[in-house]
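# Examination of the molecular architecture
Chain residues, written in single-letter form:
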Amino acid sequence: MKFATALLLIISYIAVASAHMAMLWPTPRGGFGTKQYNGRIHAFIGYKDNVWKVRFPCGGYAPGPITKMKAGQTINVRFYASGMRASDIKKQPVLTKSTKQFHQARHGGGMCEFSLSYDGGKTFHLIGRYTNTCPDAYFKWPVKIPSNVPSCTHDKCLFVWSWTANILPQYYMNCADIRLEGSKDGKLPSQSIQIVDFKNRKMNVKELGDGIKHRASTGPTKKEISGNLSGNIPKALKKA
Ligand SMILES: [Cu+2]
């Protein structure tokens, strides 16, 4: 019994050690606290070990807990970092002393995109974007569900976070199952998200970022937040 407990601890330590970043809220498929949680939700699309292969879309996880959303609602997205403990999660998103930060593998930030999918991850409709400093577990990242989107009440309705990292060529996708109360003659945004062609192993795709590896960034700018909340989605940064 004791040995089994020790082994479990070692296994969970390994899972955490190989971790990167994940969406904490809304809770994604395979996310922290779900039945399918195995620590791989943090990893990039294409990551593989003897426990899990992270596949496109949504990491290959089965549907998870459902979050109810409404058109026009602001979703304060939060992220889960590898070095967070339960006590850290509780305190989020408050910055602790800068000398006492938890470890987060931000990979220099990059570009986070947020989208809705009404077909289980076949097509994506962009609803938010943060560039440069995203993701970071020390901040909340407000994303507005457009007020004119149609309802989505079946089992393929998703709120999606995708991330192209800055200092490493890695692409991430976490999907939260949702039910969305929308408008009757609603319309989905036409713009899609960036999808990195990991299938052909074009793994050299990187986005501009802040270069900060493990510590807190400066978070989303006021301009980015107001853009995302007013439907004026910030543009992707141009590469030099
Ligand atoms: Cu990584």
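Rules of the game
Residues numbered from 1 in each chain as written. Predicted model: local features only at pLDDT ≥ 70, side-chain atom pairs only at ≥ 80, totals over all residues. Helix = DSSP H or I, 4+ residues; strand = E, 2+ residues; numbered from the N terminus. Buried ≥ 20, exposed ≤ 12 C-beta atoms within 10 Å, placed from the backbone. Contact = placed C-beta atoms within 7 Å. Pairing = 2+ DSSP bridges. Axes fitted to C-alpha atoms, helices over the stretch in contact; angles between N-to-C directions. pLDDT = per-residue confidence, 0-100.

### Remarks on the overall build of the chain
When you go through the chain residue by residue, the secondary structure sums to three helices and eight strands. Across the 240 residues in the chain, those meeting the buried criterion constitute 42%. Restricting to contacts in the chain with at least 6 residues of sequence separation, those with at least 24 account for 74%.

### Regarding unusual backbone geometry
Backbone torsion omega between Trp 25 and Pro 26 reads -5°, so that peptide bond is classified as cis. Among the secondary structure elements, Pro 26 is positioned in the loop between strand S1 (21-25) and strand S2 (66-70). Following Cys 134, the chain continues to Pro 135 via a peptide bond in cis, the omega torsion being 0°. Its location among the elements puts Pro 135 in the loop between strand S5 (125-130) and strand S6 (141-144). We note that Cys 58 has phi near 65°; this positive angle belongs to a residue other than glycine. Of note, Cys 58 is situated in the loop between S1 and S2.

### Quick look at the sheet that holds S6
One open sheet holds the three strands; their spatial order is S1-S3-S6, and the pairing between them is antiparallel. Either end of the sheet is taken by a strand with one partner, and the two such strands are S1 and S6. The sheet shows a mean angle of 40° between the axes of neighbouring strands, direction not considered. As defined by bridge partners, strand S3 (residues 74-81) adjoins S6 across four bridges and the pair is classed as antiparallel. Bridge pairing in S6 links Thr 74 to Lys 144. Set on the sheet, helix H3 (residues 222-230) makes contact with S3 and S6; between it and S6 the angle comes to about 20°.

### Quick look at the environment of Arg 215
Relative to the elements of secondary structure, Arg 215 occurs in the loop between strand S8 (171-181) and H3. In this structure the C-alpha to C-alpha distance between Arg 215 and Phe 102, which are 113 residues apart in sequence, comes to 7.6 Å.

### Thoughts on the sheet that holds S5
Here five strands make up an open sheet; going across it, the order is S2-S8-S7-S4-S5 and the pairing mixed. The sheet is open, and its two borders are formed by S2 and S5, each paired with just one other strand. Between one strand axis and the next, the sheet turns by 35° as a mean value, whatever way the strands run. Relative to S5, strand S4 (residues 110-117) runs antiparallel, the two sharing five bridges. By the bridge assignment for S5, Leu 116 is matched with His 125.

### So, the confidence of the model for the chain
For the chain, the average pLDDT comes to 89, and 88% of its residues sit at 70 or higher. Here residues 9-17 scores under 50 on pLDDT; set against residues more than four positions off or in separate chains, the count is four contacts.

### Details of the environment of Thr 67
Along the polypeptide, Thr 67 turns up in strand S2. When the 17 C-beta atoms within 10 Å are taken as the criterion, Thr 67 is described as partly exposed. Each C-alpha atom of the pair Thr 67 and Ile 178 lies 4.7 Å from the other, and the pair is 111 residues apart in sequence. Here Thr 67 is in contact with Pro 26, Thr 27, Ala 176 and Ile 178, once residues within four sequence places are set aside.

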